[in-house]
Structure formats: C-alpha cells, structure tokens
Amino acid sequence: MNINIAEIKLTKEEINAAIGVLESGGLRQGPHCAAFEKEFAEYVGTSYCLTNANGSAALHMAYEAILEPGDEVLVPSFTFIATASMLEFVGAKPIICDVDPDTFLLDLDSAAQKITAKTKAISFVHLFGNSGDIDQVLAFAAKHDLKVIWDSAQAHGTEYKGKDIGAYDGLVCWSFYPSKNMFVGEGGMVSTKDKDLYQHMMNFRQHGATGKYLHTQLGLNYRMTDVEAAIGREQLKRLPTMIATRRANAAVLRAGLEGVPGLKVQAQTENSSHSYHQFCITLDPKVAKLNRDQFAEALSEKGISSGIHYPRGLHQQPIFMEKYGTQSLPVTEWLSENIIALPVHHGMTVDEAAYVVTAIKEILL
Ligand SMILES: Cc1ncc(COP(=O)(O)O)c(C=O)c1O
C-alpha cells in the first residue's frame, strides 16, 4: 500500500470551471472572484471577504490595515514563517511566544508575560486545523486592549462552539495553497465584519486605487484571478465532505493509537471541531522504541508518507535570531524535534487509516 501525506487532485467540475474561465479570456480578478467572496462569506458566516494572491498576502493585508510601525504583535513560535514575517513588512515586531504542549497552540500565559506598552495585537494560529479557545483569546485581547488576527491558513472547515472560526470577531486570514484543506493553486482570503477595514484592504489590494488611476493610499497588487476563484467556488461545495473524511480518518487514527507508549496525538481544544489539516503526533524519545527520524523511515518502508511541521521554531529561524537575538522556548523546541505528521487527508479511506494504525503498532510495540 502507498499512502501519500496529501492529495491535491481537482475534480472534473473544478477543472471544467477553470477551463470555462480560460476559454472566456477572463484571466484576471473578475466576477468569479466577487462570487467566491460572497459564497465564502456566507459559508463561514461573516460579512465581508476579499480574495487575494495567497495566504501570506492575506496576512500582509490584514496587518497593514490595523498596525502601525513599531507595534508589537504576539505570535506563536510554532507556525509557518508568514505569521511573523508579514509583520516585518509593515514595520511591526513579532513577539515570538511559546505554545501549549498539548494543543500546540499559542500559550496565552507565555504571551501575557511578553506584553509591553507597545503590544497592539495578537496573531493567533489555528494550527493544523485545531481551533484555539476563541472566547479565551478574545477575552485576553479585550483585557490587554489588543487587536486580533486569526491565521486560519490551515483551518478551513473548523468550528468553535458550533460556528465556523471565520464567523468570530477579528481579521481572519486563509490560504488556498495546494495541500491545504481547500486548494485552488496560489490564493488567499481575508474575512471580516468591519466594513471600513474591508474597504481599506480592498484598496490596498489594488495599489490603493479608489478610482481609475487615482491612488489615495499605498498598496500592492495582491489580486487573485478568476481561474483560481472559479476552482474555489466549485470546491467550496465539497469542503464539508472533504472535512468529514479527514475527521473520520482522524477518529480511526486517534482510537487506534491510544496507549502506544511514548506516542501522543495533538490534543483537540475543547469546543473545537478540528478539521485535521494535519494529524500530528509526538514521540517521546525517552519512552518510544524509535526516535522520530527512525520512525519516519520505518513508516516509509511500509509505504506511508509522513511530514515534519515544523523542524524549528520561529525563534530558531536565522532571520529572527539575527534581528532579535536568541531566546529559549522549550515547548516549541521539544515539539520541533519530536513531532511528525501522519496521512489523514480527504483522499484517504478509513481502511487506509486503519492500515496506518496497524503499521505504527508493528513499528512501535
Ligand atoms: C499558518 C500559515 N500561515 C500562513 C501561510 C501562508 O500561506 P501561503 O502559502 O498561501 O502564502 C501558511 C501556508 O503554508 C500557513 O501554514
């Protein structure tokens, strides 16, 4: 059996939607982008959405709309670089914090200790599709007078307390990069309930233009094209099914792996429905029979792909060490040495998930 770590295959309908745009010659932002924004906003239950070039652009647009140079922003160390690096492009400073050892999400106690008079926002990552405790994060932000950005690049289809994570206050940033829960090629989205911020970001997306060759603010070209938007519109229809498959596979993995010595699955936040962009486990090298790299090799011999997200924390990235010096964030450092992602994707069956469980037990028991 051969089980890949992700499945990035478009359906016939998605391909035909893209072909329709190609044939029409609409190779730019157009009616499909506008319709995708409306349909995505309805799906997540928010007021406004803006398609854009990719998830990093979505973060940049959101940060630019609410931050000033010199602002400090709390970010988790255990995430993809863009959560923090996009802050640099608006002159803001990422304050890199440790994460919770069970959920792998930003640890608010660690974050609270780093708040200064300059701290203006928190950029919270719903890592691997596991939602944070949104009520707790919003209360934390209110207490410390912080704006909230949700990096939801990995969390399409995740609900918190029965509502899509895109329905909550703050600026919500999504990515549609291949391998994500929704994938259109390069693409991103920002969603918000704030009309003024929406308007500001819409202008920013097209060089600050508020009329034909009239530029009243600075901006960039961060537009999506109708080719990706047409794929996204079609794919949104099957997002619930894709997420249901991920959850069914995750349930088999979770139940089957319980009790394997030294193996721990990412804890699901209470009230989070988790959309399982990644199914991540850790292997405690003091208890497990093999270390992470030996384990990955053994999986590969049984035809099972795996992945490492992330092999180092942001505070260990040369660019941030150079800019801000070194610091120790023990949970992130331990995770980056011992975490491994198992296949869970929407193209897999529960029988394949059961095969993964059997293989892991053969390797580790
Ligand atoms: C947590 C997180 N934030 C932001 C991004 C950036 O998205 P994109 O690759 O579409 O620019 C990613 C993509 O990997 C991500 O995983």
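Starting from 1, residues in each chain are numbered consecutively following that chain's sequence as written. In keeping with the predicted nature of the model, local features appear solely for residues at pLDDT of at least 70, side-chain atom pairs appear and are counted solely at 80 or more, and the whole-chain, interface and lining totals rest on all residues. Hydrogen atoms and water are omitted, and side-chain values are computed over all heavy atoms in the structure.

Student: Tell me about the domain arrangement of the protein, and name the residues and values.
Tutor: Partitioning the protein into domains gives domain 1 (12-236) and domain 2 (239-364). When each unit is reduced to the centre of its C-alpha atoms, the spacing between domain 1 and domain 2 is 25 Å. At the junction of the two partners, domain 1 supplies 45 residues and domain 2 supplies 41 residues. Accessible surface is computed with a 1.4 Å probe, and the buried area is the amount of it that two parts give up when combined, taken over both parts together. Its largest share of buried area at the contact with domain 2, domain 1 owes to Phe-78, Phe-128 and Asn-181, together 20% of the area lost on that side. By salt bridge we mean one thing: a side-chain nitrogen of Lys or Arg within 4 Å of a carboxyl oxygen of Asp or Glu. At the boundary of domain 1 and domain 2, one finds two salt bridges. Glu-88 is the salt-bridge partner of Lys-323, the closest N and O atoms lying 3.0 Å from each other. Any N or O atom pair separated by 3.5 Å or less is treated as a polar contact, with the protein-specific requirement of one donor-capable and one acceptor-capable atom, and with residues adjacent in sequence counted only for side-chain atom pairs. At the surface where domain 1 touches domain 2, the tally comes to 32 residue pairs in polar contact (both at pLDDT 80 or more). Numbering of helices and strands runs from the N terminus, with a helix taken as a DSSP run of H or I at least four residues long and a strand as a DSSP run of E at least two residues long. Only α4 (82-88), β3 (93-97), β6 (159-160) and α8 (226-236) provide two or more residues apiece to the side of domain 1 that touches domain 2. Among the elements that make up the side of domain 1 that touches domain 2, the one with the highest residue count is β3 (four residues). Side-chain classes are defined by residue name, with Ala, Val, Leu, Ile, Met, Phe, Trp, Tyr, Cys and Pro counting as nonpolar, Asp, Glu, Lys and Arg as charged, and the others, Gly among them, as polar. Looking at the side of domain 1 that touches domain 2 residue by residue, the classes come out as 20 nonpolar, 15 polar and ten charged. All domain edges in this entry derive from an automatic or database-based domain assignment. Residues count as neighbours in contact if any of their non-hydrogen atoms are within 4.5 Å of one another.

Student: So what about the site of the ligand? Which residues, and what values?
Tutor: In the vicinity of the ligand there are 15 residues, among which Gly-55, Ser-56, Asp-151, Ser-175 and Lys-180 approach most closely. With respect to the ligand, the side chain of Gln-154 contributes an N or O atom lying 2.9 Å from an oxygen atom. The contact in question runs from an oxygen atom of the ligand to an N or O atom on the side chain of Ser-175, over 2.7 Å. Alone, the ligand offers 390 Å² of accessible surface; in the complex the protein occludes 91% of this. A total of three residues in the shell around the ligand trace back to one element, the largest contributor, which is helix α3 (residues 55-66). Broken down by class, the residue content of the shell around the ligand amounts to seven nonpolar, six polar and two charged. Residues are counted as near a molecule or strand when any one of their heavy atoms sits within 4 Å of it. Only the protein chains shown count as cover for residues, with accessible areas throughout obtained via the Shrake-Rupley method and a probe of 1.4 Å.

Student: Could you give me a rundown of the environment of Glu-258, with the residues and numbers involved?
Tutor: Secondary-structure assignment places Glu-258 in the loop between α9 (239-257) and β12 (263-265). Expressed as a C-alpha distance, the spacing of Glu-258 and Ile-243, which sit 15 residues apart in the sequence, is 22 Å.

Student: Summarise the packing of aromatic side chains; cite the residues concerned and give the values.
Tutor: The way to describe two aromatic rings as a pair is by their centre distance and the angle between their planes. Pairing of aromatic side chains here covers Phe, Tyr and the six-membered ring of Trp, requires ring centres within 6.5 Å, and sorts the geometry by plane angle: under 30 degrees stacked, over 60 edge-to-face, intermediate tilted. Going through the model one piece at a time under the given rule, you end up with 13 aromatic pairs. Both rings, one in Phe-78 and one in Phe-128, keep their centres 6.4 Å apart while their planes meet at 90°; by these two values the pair is edge-to-face. With Phe-78 in the loop between β2 (72-76) and α4 and Phe-128 in the loop between β4 (119-125) and α6 (134-143), the pair connects residues that are 50 residues apart, well separated along the chain. Judged by centre distance (5.7 Å) and plane angle (65°), the ring pair of Phe-124 and Trp-150 falls under edge-to-face.

Student: Give me the side chain of Thr-282: which residues, what numbers.
Tutor: Mapped onto the fold, Thr-282 is located in strand β13 (residues 279-283). Dropping the residues within four chain positions of it, Thr-282 is found in contact with Phe-104, Gly-262, Leu-263, Lys-264, Trp-334, Leu-335, Asn-338 and Ile-339.

Student: Lay out the nonpolar core with the relevant residues and their values.
Tutor: Nonpolar cores are built from buried Ala, Val, Leu, Ile, Met, Phe, Trp, Tyr and Cys residues. Side-chain atoms within 4.5 Å join them into one set. Any residue under 20% of the maximum accessible area for its type is buried, any over 50% is exposed, and the rest in between are partly exposed; the area is computed with a 1.4 Å probe on protein chains only. The biggest cluster of nonpolar side chains holds 56 residues, and the ones touching the most others in it are Phe-40, Phe-78 and Ile-122. Each of domain 1 (12-236) and domain 2 (239-364) gives at least three residues to this core. Not counting residues up to four positions away in its chain, the partners in contact with Phe-78 are Val-99, Phe-104, Leu-127, Phe-128, His-309, Tyr-310, Thr-332, Leu-335, Ser-336 and Ile-339. Listed in part, the 33 residues of the second largest apolar core include Ile-66, Val-90, Leu-171 and Tyr-198.

Student: Break down a nonpolar patch on the surface for me, citing the residues and quoting the values.
Tutor: Patches here are clusters of residues that have more than 30% relative accessible area and form no salt bridge, with a 9 Å joining cutoff for like charges and a 5 Å cutoff for nonpolar side chains (Val, Leu, Ile, Met, Phe, Trp, Tyr). The grouping of Leu-10, Ile-15, Ile-19, Leu-22 and Leu-27 at the surface amounts to a nonpolar patch, some 410 Å² of accessible area in total. With respect to the secondary-structure elements, Ile-19 resides in helix α1 (residues 12-24). The class for Ile-19 is partly exposed, based on a relative accessible area of 35%.

Student: I'd like a description of helix α7 (residues 195-205), backed by residues and values.
Tutor: The periodicity of an α-helix, 3.6 residues per turn, causes residues three or four positions apart to be oriented the same way. Among the residues of α7, those classed as buried are Leu-197, Tyr-198, Met-201, Met-202, Asn-203, Phe-204 and Arg-205. If you follow the buried residues of α7, they end up packed against α2 (31-44), β1 (48-52), α3, β8 (171-175), β9 (188-192) and β10 (209-211). Structurally, the start of α7 carries an N-cap: the backbone nitrogen of Asp-196 is 3.0 Å from a side-chain oxygen of Asp-194. His-207, located one to two residues past α7, shows a positive phi value of around 60°.

Student: Kindly report on the sheet that holds β12, identifying the contributing residues and their values.
Tutor: Strands pair in a sheet through their backbones, by hydrogen bonds, and they do so in one of two ways: parallel or antiparallel. Two strands make a pair as long as DSSP finds a minimum of two bridges between them. Read across the sheet, three strands follow the order β12-β13-β14 without closing on themselves; strand pairing throughout is antiparallel. Each of the sheet's edge strands pairs with one partner strand only, and the pair in question is β12 and β14 (339-342). Strand-to-strand twist of the sheet, defined as the mean angle between neighbouring strand axes without regard to direction, takes the value 35°. As judged from the four bridges shared by β13 and β14, these two strands associate in the antiparallel manner. Within the sheet, the bridge partner assigned to Cys-280 lies in β14 and is Ala-341. Each axis is a line fitted through C-alpha atoms, and for a helix only the stretch in contact is used; angles between axes span 0 to 180 degrees, taken between their N-to-C directions.

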